[in-house]
Amino acid sequence: MPTLGIDLGGTFARAAVVDGKGEILASAKVAVQDRKPQGVVETIAQAAEEAVKKSGVKVDGCGVGAAGQIHKDTGVISVAPNLGWRDVPLAAMLTKRLGFGVKVVNDLSAAAWGELHAGAGRGAQDILVVFVGSGVGSAIIADGRLVQGGGGVAGELGHIKVVPGGRLCGCGEHGCLEAYAGGHNLIAQTKELLSSGGSPVLEQLTSGDPYTITPVTLETAAEAGDVKAKEIHSRAAQFLAVAVANYVTVLNPSRLVLGGGVLTHCPGMKRKVLDGVQQWASRVSREGLLIADAELGDDSGIIGAALLVK
């Protein structure tokens, strides 16, 4: 029987009815306007009910992928920075509202499971998935199983410390990789540079408007020779490259799947990550490693969440 997949972001809740092969039968998207837990539950329920109605089939379970740190056994969201949540029992709340079982996992865990079964990970058993978008996320699949760790937060590449006591991260700690290389933080650092008046290239690219800045703006300024922009870009790229290379060394995956808006739209950043893996991952771990682009786009998490129910 098909299952529901939910992709919960800070702006929208997307729901899809997915069959056992990972095909989306019907989908719906509803804006998240009330970010309080009960309001989000109602938003998810609205999207889910609309998707089920469109599909014309029954579903027997629901998987939810959400950005944050989630307890694997209880479905309690310990920290969800984009929603401002701490210790929210989302699985229990949704189970009560929808009337059937709900499994809640980290959004990258869901995306990795989707890519494993219906995307760039097909045919592999040991996969490392790294997405660099608004944040930095990763997930590990070993011997065909999702690695979640004792508390359910294994694979949190974005929250390894690269500068102890450094920039404040959305998780509430300092010096995380995400605080330097995540899209939101690349934008924040670029805005700081623009406001300092130390970047004539950025002034020209943005006409002085900080709201036009994206990670692509930073890369464009860096490649145009702006010294300060290049410092920010190079530091972020090197932190990412070393982190991914070390993960490859430690985990020895047969496939590395890369995705997310920053790596998709900033080819210079992606190139440095790829070069870093070749330069810094151990020779043995590089042998037989296939590096692939994520194939499912925005659907990876929603498909993976649905398939994880099974």
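Everything in this summary refers to the structure shown in the same document. (Residues numbered from 1 in each chain as written. Predicted model: local features only at pLDDT ≥ 70, side-chain atom pairs only at ≥ 80, totals over all residues. Heavy atoms only, no water.)

Section: the overall build of the protein
Put simply, the rule reads: Comment: elements are numbered from the N terminus, with helices defined as DSSP H or I runs of at least four residues and strands as E runs of at least two. Computation of the radius of gyration draws on C-alpha atoms alone. For the globule rule, the value is 2.2 Å times the number of residues to the power 0.38. Buried means the residue's accessible area, taken with a 1.4 Å probe over protein chains only, is under 20% of the maximum for its type, while exposed means over 50%, and partly exposed covers the values in between. Contacts are residue-level and defined by heavy atoms, with any inter-residue pair within 4.5 Å sufficient. All accessible-area figures derive from a Shrake-Rupley calculation using a 1.4 Å probe, and residue coverage is judged against the displayed protein chains alone. Working convention for charge: Lys and Arg count positive, Asp and Glu count negative, and His plus the chain ends are omitted. Charge coordinates come from a single atom per side chain, which is NZ of Lys, CZ of Arg, CG of Asp or CD of Glu.
Counting its secondary structure elements, the protein contains twelve helices and 13 strands. Here the protein has a C-alpha radius of gyration of 20 Å; the compact-globule value for 310 residues is 19 Å, and the two agree. Summarising its shape, the C-alpha atoms of the protein cover approximately 55 × 45 × 35 Å along the three principal directions. Looking at the protein as a whole, 52% of its 310 residues are labelled buried. Long-range pairs, those at least 24 residues apart, make up 62% of the contacts in the protein with a sequence separation of at least 6. For the protein, the exposed area adds up to about 13600 Å²; of that, 51% sits on carbon and sulfur atoms. Side-chain charges of the protein comprise 28 positive and 30 negative groups, with the mean position of each set lying 2 Å from the other.

Notes on the state of the cysteines
A covalent bond between the sulfur atoms of two cysteines is what we call a disulfide. Note the following rule: Disulfides are defined as pairs of cysteine sulfur atoms found within 2.5 Å of each other.
Taken as a whole and judged by the stated rule, the model has zero disulfides. Here C176 is not cross-linked by a disulfide; its sulfur's nearest cysteine counterpart is in C171, at 3.8 Å. Sulfur of C266: no disulfide; nearest cysteine sulfur belongs to C169 and is 19 Å away.

Description of the pattern of salt bridges
Put simply, the test is: Basic side-chain nitrogens of Lys or Arg form a salt bridge, by our definition, when they fall within 4 Å of a carboxyl oxygen of Asp or Glu.
Across all of its chains, the model carries ten salt bridges by this definition. E50 serves as the salt-bridge partner of K54, at 3.6 Å between the closest nitrogen and oxygen. On the criterion of helical spacing, the pair formed by K54 and E50 is a turn pair, its members being four residues apart in helix 1 (residues 37-55). Because the salt bridges share partners, they merge into one network encompassing D7, R14 and D299.

Digging into the side chain of R255
As a reminder of what qualifies: Side-chain atoms alone can form a polar contact between residues adjacent in sequence; in general such a contact is a pair of N or O atoms within 3.5 Å, and within protein one must be able to donate a hydrogen while the other accepts it.
The residue R255 is located in strand 12 (residues 255-259) in this model. Within the local environment of R255, its side chain forms a polar contact with the backbone oxygen of A120, the two atoms lying 2.9 Å apart. Looking at R255, its side chain comes within polar contact range of the main-chain oxygen of R122, at 2.8 Å. When sequence neighbours within four positions are dropped, the list of residues in contact with R255 reads A120, G121, R122, G123, A124, D126, I127, L128, L289 and L290.

Considering the packing of aromatic side chains
The condition is simple: Between 30 and 60 degrees the pair is tilted, below 30 it is stacked and above 60 it is edge-to-face, where a pair is any two Phe, Tyr or Trp rings, Trp via its six-membered ring, whose centres lie within 6.5 Å. To sit over a ring, a charge needs its Lys NZ or Arg CZ within 6 Å of the ring centre and within 35 degrees of the ring normal.
With the rule as written, the count across this model stands at one aromatic pair. Between the NZ or CZ atom of K29 and the centre of the ring of F12, over which it lies, the distance is 4.5 Å.

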